[in-house]
Amino acid sequence: MSNGSSITQFILLAFADMRELQLLHFWLFLGIYLSAFLGNGLIITTIACDHHLHTPMYFLLLNLSVLDLGCFSTTVPIAMANSLWNTRAISYSGCAAQVFFFVFLMSAEYIFLTIMAYDRYVAICKPLHYGTLLGSRACVHMAAAAWGSGFLNAVLQTSNTFSIPLCQVNAVDQFFCEILHILKLSCSDAYLREAGLLVFILCLAFGCFVFIVVSYVQIFRAVLRIPSEQGRHKVFSTCLPHLAVVSMFVSTAIFAYVKPPSISSPSLDFVVAVLYSVVPPAVNPLIYSMRNKELKDVLRKLMTGIFSEAA
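Residues numbered from 1 in each chain as written. Predicted model: local features only at pLDDT ≥ 70, side-chain atom pairs only at ≥ 80, totals over all residues. Heavy atoms only, no water.

*Asks:* I'm lost on the environment of Ile111 in this one. Help?
*Replies:* Inspection of the secondary structure assignment puts Ile111 in helix H3 (residues 92-125). Separated by 36 residues in the primary sequence, Ile111 and Trp147 have C-alpha atoms spaced 8.5 Å apart. Those residues in contact with Ile111, other than ones at most four positions away along the chain, are Ala146, Ser149 and Gly150. (Helix = DSSP H or I, 4+ residues; strand = E, 2+ residues; numbered from the N terminus. Contact = heavy atoms within 4.5 Å.)

*Asks:* Teacher, can you tell me more about helix H1 (residues 19-49) here?
*Replies:* Given 3.6 residues per helical turn, the α-helix brings residues three or four places apart onto the same face. If you check H1, its first and last C-alpha atoms are 44 Å apart, about what 31 residues at 1.5 Å a residue would give, namely 45 Å. Those residues of H1 lying buried are Gln22, His25, Phe26, Phe29, Tyr33, Ala36, Gly39, Asn40, Ile43, Ile44, Thr46 and Ile47. (Expected span 1.5 Å × (residues − 1). Buried < 20%, exposed > 50% of the residue type's maximum accessible area, 1.4 Å probe, protein only.)

*Asks:* What should I look at first to understand the packing of H1 against helix H2 (residues 56-85) in this one?
*Replies:* Between two packed helices, what matters for the description is the angle formed by their axes and the separation of those axes. Direction vectors running N to C along H1 and H2 enclose 160°, while the axes themselves pass 9 Å from each other. One finds that H1 runs roughly antiparallel with respect to H2. In the packing of H1 onto H2, the handedness of the crossing is left-handed. Per-class residue counts for the contact of H1 with H2 are 23 nonpolar, 7 polar and 2 charged. (Axes fitted to C-alpha atoms, helices over the stretch in contact; angles between N-to-C directions. Parallel < 35°, antiparallel > 145°, perpendicular 65-115°, else oblique. Left-handed = near helix turned anticlockwise from the far one by under 90°. Nonpolar A, V, L, I, M, F, W, Y, C, P; charged D, E, K, R; others polar.)

*Asks:* Whenever I open this one, the UniProt feature "transmembrane region" (unreviewed entry) in the chain confuses me. Can you help?
*Replies:* Per the UniProt record, the feature "transmembrane region" (unreviewed entry) sits at residues 26-48, 60-79, 99-118, 138-156, 195-217, 238-258 and 270-290. Between the end C-alpha atoms of residues 60-79 there is a gap of 29 Å, over a span that is 100% helix and 0% strand. Across residues 99-118, the secondary structure splits into 100% helix and 0% strand, with the terminal C-alpha atoms separated by 29 Å. (UniProt positions renumbered as here; feature names shortened; annotations may be inferred.)

*Asks:* Can you walk me through the state of the cysteines in this structure?
*Replies:* Here a disulfide denotes one covalent bond, and it connects the sulfur atoms of two cysteines. In this structure the tally under the stated criterion is 1 disulfide. What pairs with Cys95 in a disulfide is Cys177, and their sulfur atoms sit 2.1 Å apart. Here Cys95 and Cys177 share a disulfide; its torsion about the S-S bond, -130°, makes the bridge left-handed. Taken together, the residues Cys95 in helix H3 and Cys177 in the loop between helix H5 (136-161) and helix H6 (179-183) connect sequence positions 82 residues apart. (Disulfide = S-S within 2.5 Å.)

Below is the structure:
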């Protein structure tokens, strides 16, 4: 195929060849999807319904949960449908839409994780200036910047990816349309052009990562100066969940994009893609709710009220 215009569909990677294993993957992904949908939905509902949680930290967490739901819904339902109906095809326009929304939501989520690190830094290291630096207007502006940056990145990445000529077959060695695997179908000169944009994006991502690391270095230095063990525990209970999410998200995504070609394989690429695109949205609600007493208390009251009215 000489160019992308002659391609009407892409063939995605099958989870398995055996019908029984395909159905097993469907039920497994369905369970994960429903759990992620329920967990993130409860966080969104709890924060939206209780005015005590209308603070910058929970406002950012609400946005993160919305992004998790969107990112999860971009890739998993199509993979589930392919496993259930024993198909592997996705249309050209459907693949482009999947790339756009996946990049958009993942980019915005990463920026929100960076903003959340800044929120924790200000709250712990500059508490007297918290209301000034992270007021409601500042939070709205940062949220708008995160969504807008993610949208701009998605437009750039999608337009560049699907404007290059494709010289190989239309089989994508991944369970969703991932840019790196689409680039493998392109001509060598076009691949280098798109790779330059990817390097630029990776540099920006690395800059955000450095900002997060520096923020937490300052946070832990401040925590060690807190005389009360209870005070240190309270700080850690709000910081460790965010740090765990960032570590899992960044480490798997970086490995997916910079791992040496010599160790690349379809099975490894599949596992890494699941780790950075499926696992974080599924476990984020669990990570944040388990160590957040305030969120758990409000959720418990909300559920108690719902069951009381039902009875």
